[in-house]
Structures are given as structure tokens and as C-alpha cells.
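Structural overview for review
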Amino acid sequence: MKKHLLIVLSILSFQSIFSQDITYGIELGTSVSTILELNPNSKGYATTPKGNGIYFGGFINYKIAEKIGIYGSLAYDNRKSNFSIDENNDLIINHNYLTVNPSVKFSLAKTYNKGFYLRPGIRYSFFLSASDKEDQFEIVNNFNGVFAGNIAFGFDINDYIGLELCFDYSLNDILNDTSSKQLSGIFKANINLQKILE
């Protein structure tokens, strides 16, 4: 009986310690992106940020050391790009992605999940769809998935919410047959559901 009780207590203690190292929640924010045409001899595409997209998803954050953790997220990311096709044609294209973002979180404060932090990582954005207002430009069929390096600067305000600014730069061409990179910025709030539901 004592042996069984000891096993149960050990399991409960392990779960308690493990749960203190893991947080999870939702991410809500907005994104701005631009597509960079890297071929100066091509008439190609030139874009400027025009309007904000919608960003939302979920995250899991696992503390592995005093000031270091593994952070991962899965999110829907709607981006808007303004395309100047020629002198007479200018349009805004919505392009939508499902993004996966594994990263390492480095706390700059004394306590993990409190205060300022850096979060470098990678992001892969699975291309879902693209559309323009008038649905007349073939460019909407030319998008690829995006593999990007990124870095985030954040601040955990308290146990329940943090704010973060994240920058991405694509490592692959995001348009078919065009030397094109994407630069994106995401501003979001991270809401700690694990703490709210305690």
C-alpha cells in the first residue's frame, strides 16, 4: 500500500513540475509584408506594404533552462501586398498561409516568461490561396510556400499576456520564375491560456 502511494505521489509531483515548465495559449495580431524584386533587369513586380493582414494561432512554450525555452506556434497568416504591374495597373493581393514557427526563446530578464526576451527561429508558411480584388491577374497563381528566417522581440507584461514584434525574411523565392523575396513584420499579443485556466 505504501509502495503504491509513493508511486502515485511521485507521478503527481512529476506532473506538477513538468506543468510549471510548459505554457500554452493563443496569438492574435496583424502582419505587414512586402515582396522584393531582386532582378534589376526584369520588369517584374515591385511591391510596397499596403494594408494590414490578420494573424492568429496557438503557441506552446517549454522552459528548458533558467532563461531558455523552446517556443513553437501554428497560425493562420493573411498578408497583403501592393503590386505595381506597370504604369497603369496597381492592385492589392491577399495571400494566405498556414505557418509553423519553431524557435528558441532567450529571456533577458531575471525570470523566464517575465520581462523582455529575444526569440530567433525559422518559419515555414504553407501557401493556401491568393486573390486580388478584381480577380484578373495571373500572379495569384504564382505563389510558393515561404521558408524564412525570423527574429522576434517581445515583452511578457505579466503571467497572462505578452506583446511581440517579429520580423521574417524569406530564404526562397516566393513567386514562380521570379527572383523574389518576402520581408514581413508581425505585431501580436500572446495570451497565456494555461494560466487563465488554472
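The preceding data block contains the structure.
The structure contained in this document is the topic of the report that follows.

Conventions and cut-offs
- Residues numbered from 1 in each chain as written.
- Predicted model: local features only at pLDDT ≥ 70, side-chain atom pairs only at ≥ 80, totals over all residues.
- Heavy atoms only, no water.
- Phe/Tyr/Trp six-rings, centres within 6.5 Å; stacked < 30°, edge-to-face > 60°.
- Helix = DSSP H or I, 4+ residues; strand = E, 2+ residues; numbered from the N terminus.
- Buried < 20%, exposed > 50% of the residue type's maximum accessible area, 1.4 Å probe, protein only.
- Core = buried A, V, L, I, M, F, W, Y, C linked by side-chain atoms within 4.5 Å.
- Salt bridge = Lys/Arg side-chain N within 4 Å of Asp/Glu carboxyl O.
- Pairing = 2+ DSSP bridges.

1. Concerning the packing of aromatic side chains
Within this structure, the stated rule accounts for 5 aromatic pairs. Ring centres of Phe59 and Tyr71 lie 5.3 Å apart, and the angle between their planes is 10 degrees; this geometry places the pair in the stacked category. Placement of the pair is Phe59 in strand 3 (residues 53-63) and Tyr71 in strand 4 (residues 68-84), with a sequence separation of 12 residues. Taking the relative accessible area as the measure of exposure, Tyr71 reaches 2% and is therefore buried. A ring pair is formed by Tyr124 and Phe126, whose centres lie 4.6 Å apart and whose planes are at 75 degrees; its orientation type is edge-to-face. The exposure class of Tyr124 is partly exposed, given its relative accessible area of 31%.

2. Digging into the nonpolar core
Within the largest apolar cluster, 9 residues are counted, these being Ile35, Ile93, Tyr97, Ala130, Phe143, Val146, Ala148, Ile174 and Leu175. Mapped by element, the contributors of at least two residues to this core are strand 5 (90-107) and strand 7 (146-156). If you look at the next biggest cluster of nonpolar residues, it comprises 5 residues, including Tyr55, Ala75, Cys166 and Ile186.

3. Quick look at unusual backbone geometry
A positive phi angle is found at Asn113, which is not glycine, with a value near 65 degrees. Following the sequence through the fold, Asn113 ends up in the loop between strand 5 and strand 6 (115-132).

4. Some points on the pattern of salt bridges
Tallying each qualifying case throughout the model produces 8 salt bridges. A salt bridge links Glu164 to Lys188, with the nearest nitrogen and oxygen atoms 2.8 Å apart. One end of the pair, Glu164, is in strand 8 (residues 161-170); the other, Lys188, is in strand 9 (residues 180-192), and 24 residues separate them in sequence. Side by side, Glu164 and Lys188 carry an identical accessibility label, which is buried. Three or more residues joined by partner-sharing salt bridges are found here, namely Glu27, Arg119, Glu164 and Lys188.

5. Observations regarding the pairing of strand 7
With burial as the criterion, only one face of strand 7 is covered, namely that bearing Val146, Ala148, Asn150, Ala152, Gly154 and Asp156; the residues Phe147, Gly149, Ile151, Phe153 and Phe155 on the opposite face remain uncovered. Where strand 6 meets strand 7, 11 bridges bridge the pair, whose relative direction is antiparallel. Paired with Gly115 across the two strands is Asp156, which belongs to strand 7. Where strand 7 and strand 8 come together, 9 bridges link them in antiparallel fashion. Across the sheet, the residue bridging to Phe153 is Leu165, located in strand 8. Between strand 7 and strand 8, which pair antiparallel in sequence order, lie 4 residues.

Everything listed here is a matter of geometry and, on its own, says nothing about what the molecule does.
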